[in-house]
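Breakdown of the fold
Residues per chain are reported as follows:
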Amino acid sequence: MDTENQDPTIRILCRRLQIIKNESGLQWLIGSPFFPRSTIISTFRCLHNTSSNPLSPDYSKESDDIRTLLPKGFEVIGALIVEKDCNFEKIAREAINAACNLRRSLSSDANSGNLELIGAVVDLNNAKDARFFMSKDGKLDSLRSIVYEDNPEKFVWERGCLLHCALQVKLPLYYEPNKPNDVHDIYMHAAEAVASKFREPQVTCLIEGLNETSGAVVLRGSELNTDSSSSSSELKDSDTKALLCSHFSSRSKDITSFSSIEESADKIQVSFLLNKSMKSVKPSAPIAEYYPATEETQLLVISHKLEVLCYAAKDLSLAYSISKLVIPALLDQLYSMRKVIMPDLLKGHPELQPYHFLPQGILHPITVFYELSYGETELKQVETRRSLHWRLGLPFDRPILRISNAIDLVGKKNSSSLVQKGSSFLKNVHLTIPSSGVSGGVASLVQGSYEYYHYLHEGLDDSGWGCAYRSLQTIISWFKLQNYTSIVVPSHREIQQALVEIGDKDPSFIGSREWIGAIELSFVLDKLIGVSCKIINVRSGAELPEKCRELALHFENQGTPVMIGGGVLAYTLLGVDYNDATGGCAFLILDPHYTGGDDIKKIVNGGWCGWKKAVDSKGKHFFLHDKFYNLLLPQRPNMV
């Protein structure tokens, strides 16, 4: 491990360090004890302040939030302050002092705030220039050397792995109805009793790899060290010959092309059992004791579903990882849940469930509690997600932290695969195509996943009339896979039914083979999933290259697939490659007129998904000059 390596270089892994723009504010800098001290993995915005001053954190509320959000194995290593006309050294000391206070709020260790911490400062007058300082022996050192990691995912996941543990806890609380206030103390004692179980020798820990079959490892309570008073160095020195986390690492995995935690990270499953059948020191017979209640008693059962993720260096022993990461994480989560439900214990306490997410641009998982008694679209849940987007610097026009976005460690989802589990449709077929050939062009592409719908799918012969229907199905699949909607992608008949219901078509339209165009597609998107659309009209296919700049902006800002309709043909547009200086451009076309089987090589080699220039090398025009075209640009709903 690199914890003792004093690296004078600031290494920045996150692709966006500054998330506060055009105003004063404070961000927490996140690192890991398993990396050099000056390595910044991510940054969280300070959400809670004690006053109207954005540089005065409420450490109690901040520590409660970050204790839940941040997995064990990651920690606050400093703070960044954005301020105007600032004295860099003075503000850097304030940032380091804030980080020191937060670390003390997060940990019971009195020395937790005395480590080397980073103070970063950004002056609003020159927002692109961040200055870094590090506290060392009470002195402040300026760090001039800054390195931005080219492949941060590789840096994180070659060095470490994830430990996952889920534990169902049920607490039966017996209390007297005429003394309802006693239930809070009873609940506290019950929770403390659960925490004490982890220190018992009967505790047995079953450890299994989730990537490859490496067998299972069993650790007993006597092999763990849950004594918080012992230093981590003592424990690490005591078990240097023990089995390491790397025992469960995949030997064949290439982290260079990191796709997702589910597919690319090494993962270890940890399960806790309480072995009551261990051989007793003294022979004894079973004893049953009966304690009659002296007063009328009521029973309240509190259920907690704990589920934690921890990050551990691969050269860390399994015993240390369980003792100092997994068990403290479970206890922290139990404490956090207890704090939330305590005020409403007898009034229908919140039903909390932890979920783990890895938003794009953030290198480590985050954990969020959602109250399942609320629907995802109810105001309280929306406001919870909105505040998380604000803290993490996430956009406010797309669902990133909904339950359907949660990390799936057991492989129920397969988001990066070309074929979706449980579906007969190819996904993301453009990922395998060669470049467009536009010299100096900048490619702007669809963001996220979609399914490829084309002629003859699902046994329906729609050759010659169904291309716009297929393009619409591809577009709706995009909204479904991005979690904007949960509806099933509609059939041709259901699309026709929707147009009849809104009064656009007569009832005889249902079951017909009539074409539809961009206008009808916009009506259906609005009715079925509440999506509005922008429509661009061009008088001739020759004018389409003039719209490349506008289309590039669409893919950069909205990222949705586009339907192009001209004459009797419809295509799905997945991106443009555009050279702003020369006007050179190409269109990434997904062609719904394909009638073959779902063979990715056949589709790409046959040009059914590929880059099309308005005029190819042989002088052939892809878009017809004697036809007008409508382009349907679906807009992302403004939602989280």
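In this text the structure is predicted, and so the values were computed from the model without any measurement.

Of regular secondary structure, the chain possesses 13 helices and 23 strands. When burial is assessed residue by residue, the chain has 50% of its 640 residues classed as buried. Put simply, of all contacts in the chain between residues at least 6 apart along the chain, 69% involve residues at least 24 apart. Counting every atom, the chain has about 30200 Å² of accessible surface; 49% of that belongs to carbon and sulfur.

Read from one edge to the other, the open sheet built from five strands follows the order S12-S11-S13-S10-S14, with strand pairing classed as mixed. Looking along the sheet, the strands with just one partner apiece sit at the ends: strand S12 (216-220) and strand S14 (298-313). Taken over all neighbouring pairs, the strand axes of this sheet differ in orientation by 20 degrees on average, direction set aside. Judged from the four bridges that link them, strand S10 (residues 160-175) and strand S13 (residues 267-274) form a sheet pairing that is parallel.

On any regular strand, side chains alternate: one points to one face of the sheet, the next to the other face. When you tally the buried positions in strand S5 (residues 75-83), you get nine out of nine residues, the bulk of the element. The pairing of strand S2 (residues 25-31) with S5 spans seven bridges and is classified as antiparallel. Each residue of the ladder has a partner; that of Trp 28, found in S5, is Ala 79. As defined by bridge partners, S5 adjoins strand S6 (residues 118-123) across six bridges and the pair is classed as parallel. Following the sheet pairing, Glu 83 is matched in S6 by Asp 123.

Take Lys 505: it is sitting in the loop between helix H10 (492-501) and helix H11 (518-529). Within the structure, the side chain of Lys 505 is placed 3.2 Å from the side chain of Glu 520, a separation counted as a polar contact.

Our next topic: the sheet that holds S5. The strand order S4-S2-S5-S6-S7-S8 describes an open sheet built from six strands, whose pairing is mixed. For this open sheet the edge positions go to strand S4 (42-45) and strand S8 (139-143), each flanked by a neighbour on one side alone. Each neighbouring strand pair of the sheet contributes to a mean axis angle of 30 degrees, computed without reference to strand direction. Pairing analysis gives five bridges linking S6 to strand S7 (residues 130-136), with the strands arranged antiparallel. The residue of S7 that forms the bridge with Val 121 is Arg 131.

Okay, helix H4 (residues 182-197) next. Compared with an ideal rise of 1.5 Å per residue, which puts 16 residues at 22 Å, H4 spans 23 Å between its outermost C-alpha atoms and is within 8% of the ideal. What H4 keeps buried is the set Val 183, Tyr 187, Ala 190, Ala 191, Val 194 and Ala 195. For H4, the angular spread of the buried residues around the axis is 145 degrees, confining them to a single face. Buried positions along H4 lie against S10, S14 and helix H7 (318-341).

For the rest of this paragraph, the subject is the nonpolar core. Of all hydrophobic cores here, the largest spans 103 residues; its most connected members are Trp 28, Phe 272 and Ile 322. In terms of residue count, the dominant contributor to this core is H7 (twelve residues). Those residues in contact with Ile 322, other than ones at most four positions away along the chain, are Leu 163, Cys 205, Ile 207, Leu 219, Leu 224, Val 270, Phe 272, Ile 327 and Pro 328. Counting 46 residues, the second largest nonpolar core, distinct from the first, contains Leu 525, Leu 574, Leu 588 and Ile 600.

With that settled, the discussion passes to the packing of aromatic side chains. This structure, assessed with the given rule, holds 19 aromatic pairs. Geometrically, the ring pair formed by Phe 623 and Tyr 629 is edge-to-face, given 5.7 Å between the ring centres and 85 degrees between the ring planes. For Phe 623, a relative accessible area of 1% corresponds to the buried category. On the accessibility criterion, Tyr 629 (3% relative accessible area) is buried. Members of the aromatic cluster, each reached through a chain of ring pairs, are Phe 34, Phe 35, Phe 74, Phe 155, Trp 157 and Tyr 311. Lying across the ring of Phe 155, Arg 159 places its NZ or CZ 3.7 Å from the centre.

Another point: unusual backbone geometry. Despite not being glycine, Asn 22 has its phi angle at roughly 60 degrees, a positive value. In this fold, Asn 22 is placed in the loop between strand S1 (10-12) and S2. Its identity is not glycine, yet Asn 483 carries a phi of approximately 70 degrees, on the positive side.

Attention now goes to the packing of H4 against H7. When two helices pack together, their arrangement is captured by the angle between the axes and the distance separating the axes. In the contact formed by H4 and H7, the axes pass within 11 Å of each other and the chain directions differ by 170 degrees. The orientation of H4 with respect to H7, classified from their angle, is roughly antiparallel. Residues Tyr 187, Met 188, Ala 191, Glu 192, Val 194 and Ala 195 of H4 form the contact with H7, whose participating residues are Leu 331, Leu 334, Met 337, Arg 338 and Ile 341. Considered class by class, the residues forming the contact of H4 with H7 number nine nonpolar, no polar and two charged.

Another point: a nonpolar patch on the surface. A cluster of nonpolar side chains, namely Tyr 174, Leu 299 and Val 301, defines an oily patch on the protein surface of about 300 Å² accessible area. Among the secondary structure elements, Leu 299 is positioned in strand S14.

Across the chain, pLDDT averages 87, with 90% of residues at or above 70. Note that residues 412-422 has pLDDT below 50 and, in this model, 30 contacts with residues that lie over four places away or in other chains.

A separate point is the pattern of salt bridges. Under the definition given, this model contains 23 salt bridges. Across the pair Arg 391 and Glu 62 runs a salt bridge whose closest N-O atoms are separated by 2.9 Å. Taken as a pair, Arg 391 in helix H8 (residues 379-392) and Glu 62 in helix H1 (residues 59-69) lie far apart in primary sequence, 329 residues in all. For Glu 62, a relative accessible area of 0% puts it in the buried group.

Right, let's talk about helix H9 (residues 467-481) for a bit. If you check H9, its first and last C-alpha atoms are 21 Å apart, about what 15 residues at 1.5 Å a residue would give, namely 21 Å. Across the 15 residues that make up H9, a large majority, 13, are buried. Asn 483 lies just past H9 and shows a positive phi near 70 degrees.

On to the environment of Arg 493. Position of Arg 493 among the secondary structure elements: in helix H10. Between the C-alpha atoms of Arg 493 and Ile 510, which are 17 residues apart in sequence, the distance is 6.1 Å. Apart from residues lying up to four places away in sequence, Arg 493 is in contact with Ile 510 and Gly 511.

Basis of the calculations
Residues numbered from 1 in each chain as written. Predicted model: local features only at pLDDT ≥ 70, side-chain atom pairs only at ≥ 80, totals over all residues. Heavy atoms only, no water. Helix = DSSP H or I, 4+ residues; strand = E, 2+ residues; numbered from the N terminus. Buried < 20%, exposed > 50% of the residue type's maximum accessible area, 1.4 Å probe, protein only. Contact = heavy atoms within 4.5 Å. Areas by Shrake-Rupley, 256 points an atom, 1.4 Å probe, with all protein chains shown as cover. Pairing = 2+ DSSP bridges. Axes fitted to C-alpha atoms, helices over the stretch in contact; angles between N-to-C directions. Polar contact = N/O pair within 3.5 Å; in protein donor to acceptor, adjacent residues only side chain to side chain. Expected span 1.5 Å × (residues − 1). Arc of directions from axis to C-beta. Core = buried A, V, L, I, M, F, W, Y, C linked by side-chain atoms within 4.5 Å. Phe/Tyr/Trp six-rings, centres within 6.5 Å; stacked < 30°, edge-to-face > 60°. Lys NZ or Arg CZ within 6 Å of the ring centre and 35° of its normal. Parallel < 35°, antiparallel > 145°, perpendicular 65-115°, else oblique. Nonpolar A, V, L, I, M, F, W, Y, C, P; charged D, E, K, R; others polar. Patch = residues over 30% accessible without salt bridge, like charges linked within 9 Å, V, L, I, M, F, W, Y side chains within 5 Å. Salt bridge = Lys/Arg side-chain N within 4 Å of Asp/Glu carboxyl O. pLDDT = per-residue confidence, 0-100.

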